[in-house]
Amino acid sequence: MKIVCIGGGPAGLYFGLLMKKLHLEHSVQVVERNKPYDTFGWGVVFSDATMDSMKVWDPESAAEIQDAFNHWDDIEVWFKGTRQRTSGHGFVGIGRKKLLNILQKRCEALGVELVFETDANSDLDYPDADLVIGSDGLNSRIRNHYPEIFQPDMITRPNRYIWLGTNKLYDAFTFDFRKTDHGWFQAHIYKFDDKTSTFIIETTEEAYLAHGLDRIDQDGSIAFCEDLFCEVLDGASLMTNARHIRGSAWLNFNRLICGKWSHFNGNSHVVLMGDAAHTAHFAIGSGTKLAIDDAIELTRQFQIHGHTRDKIPAVLETYEEIRRVDVARIQNAARNAMEWFEVVGRRYADTLEPEQFMYSMLTRSQRISHENLRLRDKDWLEGYERWFARKSGLAVANDRCLPPMFTPYSLRGVTLQNRIVMSPMAMYSAKDGLINDFHMVHLGSRALGGAALIFGEMTCVSPDARITPGCLGLWNEEQAQGWRRVVDFVHGNSGAKVGIQLGHAGRKGATKIAWEGIDQPVTEGEWPLISASAIPYLKHSQVPRAMDRADMDRVKADHVRAAELAAATGADWLELHCAHGYLLSSFLSPLTNIRHDEYGGSHENRARYPLEVFRAIRAVWPSDKPISVRLSCNDWTEGGNTPEDAAIFAQMFKEVGADLIDCSSGQVSKEEQPVYGRLFQTPFSDKIRNEIGIPTIAVGAISEADHANSIIAAGRADLCAVARPHLADPAWALHEAAKIGISTIPWPKQYHAGKYQYEANLARAATTAPGK
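The sections below set out a description of the structure shown in this document.

Calculation rules
- Residues numbered from 1 in each chain as written.
- Predicted model: local features only at pLDDT ≥ 70, side-chain atom pairs only at ≥ 80, totals over all residues.
- Heavy atoms only, no water.
- Helix = DSSP H or I, 4+ residues; strand = E, 2+ residues; numbered from the N terminus.
- Rg over C-alpha atoms; globule rule 2.2 N^0.38 Å.
- Contact = heavy atoms within 4.5 Å.
- Areas by Shrake-Rupley, 256 points an atom, 1.4 Å probe, with all protein chains shown as cover.
- Lys, Arg positive; Asp, Glu negative; His and termini not counted.
- Charge placed at Lys NZ, Arg CZ, Asp CG, Glu CD.
- Buried < 20%, exposed > 50% of the residue type's maximum accessible area, 1.4 Å probe, protein only.
- Salt bridge = Lys/Arg side-chain N within 4 Å of Asp/Glu carboxyl O.
- Pairing = 2+ DSSP bridges.
- Phe/Tyr/Trp six-rings, centres within 6.5 Å; stacked < 30°, edge-to-face > 60°.
- Lys NZ or Arg CZ within 6 Å of the ring centre and 35° of its normal.
- Core = buried A, V, L, I, M, F, W, Y, C linked by side-chain atoms within 4.5 Å.
- Axes fitted to C-alpha atoms, helices over the stretch in contact; angles between N-to-C directions.

Turning our eyes to something else, we now look at the overall build of the chain. Across its full length, the chain carries 27 helices and 30 strands. Here the C-alpha radius of gyration of the chain, 30 Å, is about what a compact globule of 772 residues would show, namely 28 Å. Seen through its C-alpha atoms, the chain measures out along the principal axes to roughly 85 × 60 × 60 Å. A separation of at least 24 residues holds for 71% of the contacts in the chain among residues at least 6 apart in sequence. For the chain, the accessible area works out to roughly 29900 Å², and carbon and sulfur atoms hold 50% of it. In the chain, which carries 83 positive and 98 negative side-chain charges, the distance between the mean positions of the two groups comes to 3 Å.

Set out below in C-alpha cells:
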C-alpha cells in the first residue's frame, strides 16, 4: 500500500514507523509543515500502559524514549500557605521535541519518507495514496475538508491557559494555587528532562480579563506569572517557545469529538488519528497517549485483517469501534478533571480546607477512587481519614479509623450514625395509602442492615396525589398509625433514623403500578389530575388541569396536614419532593410550566408555589428536625432546567429554611436524554453543596463503599443515597463495611454469628484469590 500520514506529530510518525517496520514493501510518507527536527511544545506525559505497548510494538524506539523519560511518584499541592505531598502516583514525562526527534530518527532508519516544510491542503493532494492518515492536529485540514462526513463537535472551554517552561527542576508533579484580587490562578508543573520543567498556568476568563492579560504581550504575561508564582519558582524565570503566536499566548482548550473517523474519497481511504479525531484536556495529560494508542490499534487491525488495500474498510471500521470506547473513557475522565479546574476557585478553593481540597484534587477525574488512593499511598490516605473523622466529631487514635462514609453526621437536632441513606423507592404495594406488613419488613430490614436514614417511598398527601393506586399516603390517622409502627420498630431495634418524603404526583398520577405498565394511565378508577400547566406526561396520558388559586390552597393544606401527621409519628426527617416531574417539580421546570401569571416565567415565579408549600410545612414541622428538598438538577432535555437553574432553586430553598438538597435529575420529560454512568448525578450535588453552601445528598449509580467514601471524603456531598443496591441487599451497608475491612460497625445482636462468618469468608476468599 501507499500510505501518507499528513501531520508529523506522535500519531503520524508512530503509525508510519510501525507499518514500515512490519511490511517493508509499504510506501510510507509523513508530511510535516515544520522544519526537520523542529517542533514546538514543552513536556508531555505518558502512561505506563502505553509505554508497555510501545515496548512490544517497537522495542528500539521504546528503549530510547524510556532512556529519555523522567519518572516521578509524588504529587505536591501548594495551597493557602500549606504544602501537602502524596506518593505512589507513577508519572513519566518527556520533552515533546525529544519524543518527536526520536520517532523521526526511527522513521528514517526504517525507510519512512519524511517530507518537511510542506503544507498539505487536503487528502486530494495525494490521489495515488491507498490510505491517508489525518494526523494533522486540532485544526486538521483533512477533517475540515469533510465536515459533513466527520461531524466534528468542537467546544471551546471557558478557561484560559498559557504553556510555559522553566529551568527549575521539580521532584514531584506540582500544583500551585494562588488567589488574586480577581480570582484564582493555578499552575501545573512537572519536569520532563534534566534541565527543564513544563509550567502551565490556568485561570478563568473573568480573572484573565480583569488582570488585563488580553492587552499585554507574552513578555508581559511572563512577568505577571513570575510575580504571582514567585514562591514556587524560588528565583527561577519562566520561558516561552510560542514566539510564533502574535500578541497574548493565552489559549482556550478545545474539546473535540468526531461522529465518524474515516471516509473513502473516491480514490483513497482517509482516517483521522490523534488530536484530529479527539482531544483530551491536559489536566490528566492524555493527548499523546491517545495518539500513540490510536497508531498501535490501527496497526494491530492491519496485522489481523491483512496489509492490502482491499482490507482497509474492515480495518478502519474495527479500529474506530475499538478506539471509540477507550477514547470516550479517557475523554470522560479528562472532562471531569477539566471541569474541576474550571470551577476550582468558587467551588473548592474558597470553601474547602487544605486537607479536603487536596483529596478533591487527587480524585477530580473520578478515575482515582478512595481505595485506589489507599493502594497508592496508604499512610497519606489513613492520615486524611483521621482528619475527616475528627472533623466529624470522633475521637481518633493513630491506628486505622472509620472511613468517611461511616462517620456520623448531624443536622439540626438529628445525628445520623453514618452517611448512608436508603433512597425513597416506590413499592406500589399499599392499599388506600396504608402501610402493611410488606412495608414493615421492607423498611425494617434495611434499618437492621446498617443504613443511617431509612426513607419510605414518596408518601402522597391526598388520594388524588398518588402516582398509582398502590402508593403510600399520609392524609389520615390510620395511615399515620402505620408509620408509627415503622418508626417505633426502627428506633427500638437499630440506630437508624426514619425519613418521610411528602409529595404529589401531579400530571404523573392515576397510572398503573410499575409491573402492570409503568407510567401508563389506569384503565379504570382514574382520578382528575392537576399540574402547573395543562400538559400531559405522555401523549395518551390524561390531560391535567392547570391549577388555580383554590387548587393551590387545597394542596398546600394537604401538605401541612401530612407534615403534622408525620411529626406525630415520631419520624426524624422530612423531605419535600420537588423533582421527577411531579406536581411541585412541574412548577419549577419550563418544560411543564408555561403559565403567564405570577407562577410562571422567571425562576422566582416558577419557584413561588413550591416555596410557599415549603414555608407552610416548615412552620409545623419540629424545629429540631431537618427538612430536605429533592430537586431534579438536570431535566436532560433541551429547553429544560440545567444544573445552573437547579443551583438557583437550591439557593431559594436555602433562604426559606431548607436544611439539605437531595440532588436527583430527570424524569420530567419523556424526551430526556440522560448521560448515565458511574456516579453520574454526583456532579449536581457537588455544584450545589460547594457553590450554594448547603448540605446535599448525592444519588444515582452509587453501588459500593468505594463510591460513597470518594464522594463524602471529597466534599461532593454530605450523605449518599443508595437505591437499587438496597433492593438487592438489605444489609448493603454492613456488607460493604466488611468488604473494606471495617469490623467495628455494629450488627444487630441477633445476627452476630452471621457477621463473624461473613467476615471470615471474605478473609478466606482474599487469601485464596488468584495471585495470592
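This part takes up helix α23 (residues 682-692). A large share of α23 lies buried, amounting to nine of its eleven residues. Listed as buried for α23 are Thr682, Phe684, Ser685, Asp686, Lys687, Ile688, Arg689, Asn690 and Ile692. Where the residues of α23 are buried, they touch α12 (344-349), α22 (643-655), β28 (660-664), β29 (696-698) and α24 (705-713). Remark: Gly693 follows α23 within two positions and exhibits a positive phi of approximately 80°.

This part is about the pattern of salt bridges. For the structure on display, the rule yields 55 salt bridges. Salt-bridge contacts for Asp350 lead to Lys179; the nearest nitrogen and oxygen are separated by 3.0 Å. Highlighted residues: Asp350 in the loop between α12 and α13 (354-362) and Lys179 in strand β11 (residues 173-180), separated in sequence by 171 residues. Residue Lys179 is classed as exposed on the basis of its relative accessible area of 53%. Here Arg549 ties to Asp553 by a salt bridge, and the two come within 2.7 Å at their closest N and O atoms. With Arg549 and Asp553 both in helix α19 (residues 549-569) and four residues apart, this pair spans about one turn of that helix. Asp553 gets classed as partly exposed once you look at its relative accessible area, which sits at 38%.

Moving on to the pairing of strand β3 (residues 43-46). Side-chain direction in a regular strand flips from residue to residue, so the side chains alternate between the two faces of the sheet. Of the two faces of β3, the one lined by Gly43 and Val45 and the one lined by Val44 and Phe46 are each fully buried. Judged from the four bridges that link them, β3 and strand β7 (residues 91-95) form a sheet pairing that is antiparallel. Note that in β7 the partner of Gly43 across the bridge is Gly95.

Attention now moves to the packing of aromatic side chains. Enumeration according to the criterion identifies 35 aromatic pairs in this entry. Judged by centre distance (5.4 Å) and plane angle (25°), the rings of Tyr384 and Trp387 are stacked. With Tyr384 and Trp387 both in helix α15 (residues 378-391) and three residues apart, this pair spans about one turn of that helix. Among the residues examined, Trp387 registers a relative accessible area of 13% and is labelled buried. With a centroid separation of 6.3 Å and an interplanar angle of 50°, the aromatic rings of Trp747 and Tyr758 are classed as tilted. Highlighted residues: Trp747 in the loop between α26 (732-739) and α27 (752-768) and Tyr758 in helix α27, separated in sequence by eleven residues. For Trp747, a relative accessible area of 11% translates into the label buried. Linked through ring pairs, Trp72, Phe79, Phe173, Phe175, Phe177, Trp184, Tyr190, Trp340, Phe341, Tyr348 and Phe357 together constitute an aromatic cluster. Here Lys168 stacks its cationic end above the ring of Tyr170, 5.3 Å away from the centre of that ring. The ring of Trp621 has Lys625 sitting right over it, with the charged end atom 5.8 Å from the ring centre.

What follows covers the nonpolar core. Core analysis: the biggest nonpolar cluster contains 201 residues, and Tyr14, Phe15, Phe177, Leu298, Phe357 and Leu631 have the highest contact counts within it. With eleven residues, helix α11 (residues 312-342) is the single largest residue contributor to this core. Judged by nonpolar contacts, the second largest core, of 22 residues, contains Ile201, Leu213, Cys225 and Phe229.

This next bit is on the sheet that holds strand β2 (residues 27-31). Paired through their backbone hydrogen bonds, the strands of a sheet run either parallel or antiparallel. Reading across from one edge, β8-β2-β1-β9-β17-β16 is the order of the six strands in this open sheet, with mixed pairing throughout. Two strands lie at the open edges of the sheet, namely β8 (113-115) and β16 (262-264), each paired on one side alone. Strand-to-strand, the axes of this sheet are offset by a mean angle of 15°, without reference to chain direction. Where strand β1 (residues 2-6) lies against strand β9 (residues 131-134), four bridges are found, and the strand directions are parallel. Bridged to Ile3 within β9 is Leu131. The strands touched by helix α1 (residues 10-22) are β1, β2, β8 and β9; relative to β1, the strand with the most contacts, the crossing angle is about 160°.

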